[in-house]
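# Tertiary structure, described
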Amino acid sequence: MNSQAARKPIMLTIALSKGRIFEETVPLLAAAGIHPEEDPESSRKLILGTNRPDVRLVIVRATDVPTYVQYGAADLGIAGYDVLLEHGGEGLYQPLDLDIARCKLMVAVREGFDYEAAVRQGARLRVATKYVESAREHFARKGVHVDLIKLYGSMELAPLVGLADAIVDLVSTGNTLRANNLVAVEPVLEVSSRLVVNQAALKLKRNEVQPVIDAFASAKAPA
Ligand code: PRT
Ligand code: MG
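Residues numbered from 1 in each chain as written. Chains lettered and ligands numbered in written order. Predicted model: local features only at pLDDT ≥ 70, side-chain atom pairs only at ≥ 80, totals over all residues. Heavy atoms only, no water.

### Some points on the overall build of the chain
Within the chain, the secondary structure is distributed over 10 helices and 9 strands. Over its C-alpha atoms, taken along the principal directions, the chain stretches across nearly 75 × 35 × 30 Å. For the chain, the computed accessible surface area is about 11,900 Å², with 50% contributed by carbon and sulfur atoms. Put simply, the chain has 26 plus and 27 minus side-chain charges, and the middle of one group is 3 Å from the middle of the other. (Helix = DSSP H or I, 4+ residues; strand = E, 2+ residues; numbered from the N terminus. Areas by Shrake-Rupley, 256 points an atom, 1.4 Å probe, with all protein chains shown as cover. Lys, Arg positive; Asp, Glu negative; His and termini not counted. Charge placed at Lys NZ, Arg CZ, Asp CG, Glu CD.)

### Looking at the environment of D99
Secondary-structure assignment places D99 in strand β5 (residues 92-110). Considered as a pair, D99 and G80 are 19 residues apart in the sequence and their alpha carbons are 9.8 Å apart. In this structure the side chain of D99 is engaged in a polar contact, spanning 2.8 Å, whose partner is the side chain of R102. (Polar contact = N/O pair within 3.5 Å; in protein donor to acceptor, adjacent residues only side chain to side chain.)

### Some thoughts on the pairing of strand β1 (residues 12-16)
Counting buried residues in β1 gives 5 out of 5 residues, a clear majority hidden from the surface. Burial along β1 is two-sided: the face carrying L12, I14 and L16 and the face carrying T13 and A15 are both buried. Where β1 lies against strand β3 (residues 55-59), 5 bridges are found, and the strand directions are parallel. Looking across to β3, one finds that L16 is bridged to I59. Both β1 and strand β4 (residues 76-80) contribute to a ladder of 2 bridges, which runs parallel. Residue A15 lies in a different strand from β4, and its bridge partner there is G77. (Buried < 20%, exposed > 50% of the residue type's maximum accessible area, 1.4 Å probe, protein only. Pairing = 2+ DSSP bridges.)

### Describing the pattern of salt bridges
For the coordinates displayed, the defined rule picks out 12 salt bridges. Its salt-bridge partner being E137, residue R141 comes within 3.5 Å of it at the nearest N-O pair. Within this pair, R141 and its partner E137 are both found in helix α6 (residues 132-142), separated by 4 residues, close to a single helical turn. Under the relative-accessibility criterion, R141 is labelled exposed at 58%. Taken together, the shared-partner salt bridges connect D99, R102, K104, E190 and K220 into one network. (Salt bridge = Lys/Arg side-chain N within 4 Å of Asp/Glu carboxyl O.)

### A few points about the side chain of S192
When you line up the elements, S192 lands in strand β9 (residues 182-198). Polar contacts involving the side chain of S192 include one to the side chain of D97, which spans 2.8 Å. Setting aside chain neighbours within four positions, we find S192 in contact with A79, G80, Y81, D97, D99, I100, A101 and R102. (Contact = heavy atoms within 4.5 Å.)

### Quick word on the packing of helix α2 (residues 20-31) against helix α10 (residues 206-219)
Direction vectors running N to C along α2 and α10 enclose 120 degrees, while the axes themselves pass 8 Å from each other. Taken together, the axes of α2 and α10 lie oblique to each other. At the point where α2 passes α10, the crossing takes the right-handed sense. Residue-level inspection shows L28, L29 and A31 of α2 in contact with α10, the latter providing A215, F216 and A219. When the residues that make up the contact of α2 with α10 are grouped by side-chain class, the tally is 6 nonpolar, no polar and no charged. (Axes fitted to C-alpha atoms, helices over the stretch in contact; angles between N-to-C directions. Parallel < 35°, antiparallel > 145°, perpendicular 65-115°, else oblique. Left-handed = near helix turned anticlockwise from the far one by under 90°. Nonpolar A, V, L, I, M, F, W, Y, C, P; charged D, E, K, R; others polar.)

Read these as spatial facts, not as claims about activity.
Written out as structure tokens, the structure reads:
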């Protein structure tokens, strides 16, 4: 092996999901001097190069970002707080709330369903959600008995066809609830996306990782 190969730069891998998180991350990456070579919306590539030969992006499902970072397949990633709570955060250092992709996790029911009365009567509620951990904790804190039904999407349908009395889902504009004759009745959690860092990478690649954390911190929208 020649000395050239020995001095190969350390590669930084950042895990992102396409859609809203990617779009809101582009300006933060730019602040760190990182410019993606392609747009994941139009490219089918899952590994995207950047202007920096030592930085690459991997495009994964939003819910898979913490897993890639936990196992060190990515050094850094950006994930919704909703996703991090379901994952558990094991092996992840969470240095920064980036204040992007903001929304609220809410309890919602069919218009006309008396949620307060159902809770007051101590009825056992059937709640459909993708966010079982957050929902379990929320209802336990309230002392409300629930049967949780795990779904992977389109939660809004569940109360309309009698699968559940209520859902726990993310709301941003409220348009999706309105379009399906549902109303939000209770907040569960304020959600925004956070920077997550693999704990080993933070130590072993500190010189590469820390400048990215610092650039994101100074570029993020002031609170
Ligand atoms: O969409 P896909 O199934 O691929 O994955 P995903 O839904 O996990 O990813 P994505 O990119 O949609 O969401 C990534 C992250 O964005 C989430 O983990 C949240 O932290 C954050 N975020 C912010 C949202 C929303 N706003 C949001 N409105 N995630 C989802 N929604 C959905 C919501 O579930 C509901 O179906 O949008 C719908 C409601 O929107 P409104 O505007 O009609 O209220
Ligand atoms: Mg989505």
